[in-house]
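Coordinate analysis (summary)
Each chain, written out:
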Amino acid sequence: MAEEMTAPQPPVGEIKVLIASHKRADKITTHKKVANSIICIPESQLGEYREHCPDAEIVTHPDSIIGLSWKRQWMYEYFGDAFHMDDDLMYMKRIYTETGEKDKLSPQEIFDVIQATARAARQSGAFLFGFNTSGKPFTYASLAPIQLSGYVNTCAFGLLEGSKLYFRPEQRYQEDYWICGLNAYLHRKIWRDNRFYFHYGDTWVGSGGLAEFRNMETLEKILGELQGFFGEYVICVRKTGTRNHQFQMNFKVPF
């Protein structure tokens, strides 16, 4: 049972900003970096998170919701329109800055950028939206700041109601490749604002989160399943030298 009987309602026109967390009460950072954000955790962990995050808004889900994909699906069904974030955000920055210009955004600025991007995505007809996957200015195309097809990193992504998109509970992680593939199949369109970038901690080390589920055997299995759904051209393995492990994926669409 969730801590609240109904999902907290944002002001008219705003979407919720959600933080998925699990066994990381003493390590979570995102709630301090993004204004008006809501932490979503298993109900049995509420006491620990209340102790470490006394001023944060927290909503709980049943302990039977296990794995990030199932958790994201529960959050989508419970909250509806929302922006979903991992719990270890370090900062968000603008990529289009001049030398010496301030690039990191304040918590309120991050919230405002999320809201503006959600409105733009809705007006464009896109259901899935997000931001640049690289924080390196030399990779930014200043004449094409908005990307309408391709990949959205689910470390920080928005999903609007009515999309017919869903997460597979049996796929406990790498859910970004599933949701991007399904979105490409159903809608062809994303809204990705490449002017901004979220920088997170190293998710492949440390405790809590997905650490208890992640291993090479499972990654290989997920890769095979995703290639079965979408094809080996769409879901492919990254070239040597650009990956952290032998099953790190890349997402490509022919449009």
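Refer to the structure presented above.
Across soluble globular proteins, you tend to see nonpolar side chains buried next to one another. Membership of the largest hydrophobic core comes to 27 residues, with the highest contact counts inside it found for Leu226, Ile235 and Phe251. Broken down by secondary-structure element, the contributors of at least two residues to this core are β8 (156-159), α5 (175-186), α6 (216-230) and β11 (249-251). When residues of this core are assigned to their parent elements, the largest contribution, six residues, is made by α5. Those residues within four positions of Leu226 in sequence are excluded, and the remaining contacts are Gln171, Gln174, Tyr177, Trp178, Gly231, Ile235 and Met249. Counting 26 residues, the second-largest nonpolar core is a separate cluster that includes Leu105, Phe129, Cys155 and Ala156.

For the rest of this paragraph, the subject is the pattern of salt bridges. In the structure shown here, the tally under the stated rule is 11 salt bridges. Arg72 is the partner of Asp86 in a salt bridge, and the nearest nitrogen-oxygen pair spans 3.0 Å. Pair noted here: Asp86 is in the loop between β4 (82-85) and β5 (89-94) and Arg72 is in helix α3 (residues 68-79), with a separation of 14 residues, a long-range link. Arg72 carries the same exposure label as Asp86, and that label is buried. Close ionic contact of Asp193 with Arg195 constitutes a salt bridge, the shortest N to O distance being 2.7 Å. Three or more residues joined by partner-sharing salt bridges are found here, namely Arg168, Glu170, Lys221 and Glu225.

This paragraph deals with the packing of aromatic side chains. For the coordinates displayed, the defined rule picks out 15 aromatic pairs. Note on Trp178 and Phe230: the rings are 5.5 Å apart at their centroids and 50 degrees apart in plane angle, and the pair reads as tilted. Of the two residues, Trp178 sits in helix α5 while Phe230 sits in helix α6, which places them 52 residues apart along the sequence. When the centroid spacing of 6.2 Å and the interplanar angle of 50 degrees are considered together, the rings of Phe229 and Phe230 count as tilted. Lying across the ring of Tyr96, Arg94 places its NZ or CZ 5.1 Å from the centre.

Attention shifts here to the packing of α5 against α6. Their axes nearest at 11 Å, the elements α5 and α6 cross at an angle of 0 degrees. Taken as axis vectors, α5 and α6 run roughly parallel relative to one another. Where α5 abuts α6, its residues Tyr177, Trp178, Gly181 and Leu182 lie against Leu226, Phe229 and Phe230. Classifying every residue of the contact of α5 with α6 gives six nonpolar, one polar and no charged.

The subject of this paragraph is the side chain of Thr117. Within the secondary structure, Thr117 sits in helix α4 (residues 107-124). A distance of 2.7 Å separates a polar side-chain atom of Thr117 from the backbone oxygen of Val113. When residues no more than four places from it in sequence are discounted, the contact partners of Thr117 are Phe129, Gly130, Phe131, Trp191 and Asp193.

In terms of burial, strand β6 (residues 128-132) is largely enclosed, as five of its five residues are buried. Both β6 and β8 contribute to a ladder of three bridges, which runs antiparallel. Looking at β8, one finds that Leu128 is bridged to Leu159. Strand direction decides the pairing type here: β6 and strand β9 (residues 191-200), joined by four bridges, are parallel. Of the residues in β9, the one forming a bridge with Gly130 is Arg192.

For α5, built from 12 residues, the straight-helix expectation of 16 Å at 1.5 Å per residue is met to within 8% by its first-to-last C-alpha distance of 16 Å. Here α5 lies mainly inside the structure; 10 of its 12 residues are buried. Those residues of α5 that sit buried are Glu175, Asp176, Tyr177, Trp178, Ile179, Cys180, Gly181, Leu182, Asn183 and Ala184. Buried positions along α5 lie against α3, β6, α6, β10 (235-237) and β11. Positive phi shows up at Arg188, right after α5, with a value of about 70 degrees.

What counts and what doesn't
Residues numbered from 1 in each chain as written. Predicted model: local features only at pLDDT ≥ 70, side-chain atom pairs only at ≥ 80, totals over all residues. Heavy atoms only, no water. Core = buried A, V, L, I, M, F, W, Y, C linked by side-chain atoms within 4.5 Å. Buried < 20%, exposed > 50% of the residue type's maximum accessible area, 1.4 Å probe, protein only. Helix = DSSP H or I, 4+ residues; strand = E, 2+ residues; numbered from the N terminus. Contact = heavy atoms within 4.5 Å. Salt bridge = Lys/Arg side-chain N within 4 Å of Asp/Glu carboxyl O. Phe/Tyr/Trp six-rings, centres within 6.5 Å; stacked < 30°, edge-to-face > 60°. Lys NZ or Arg CZ within 6 Å of the ring centre and 35° of its normal. Axes fitted to C-alpha atoms, helices over the stretch in contact; angles between N-to-C directions. Parallel < 35°, antiparallel > 145°, perpendicular 65-115°, else oblique. Nonpolar A, V, L, I, M, F, W, Y, C, P; charged D, E, K, R; others polar. Polar contact = N/O pair within 3.5 Å; in protein donor to acceptor, adjacent residues only side chain to side chain. Pairing = 2+ DSSP bridges. Expected span 1.5 Å × (residues − 1).

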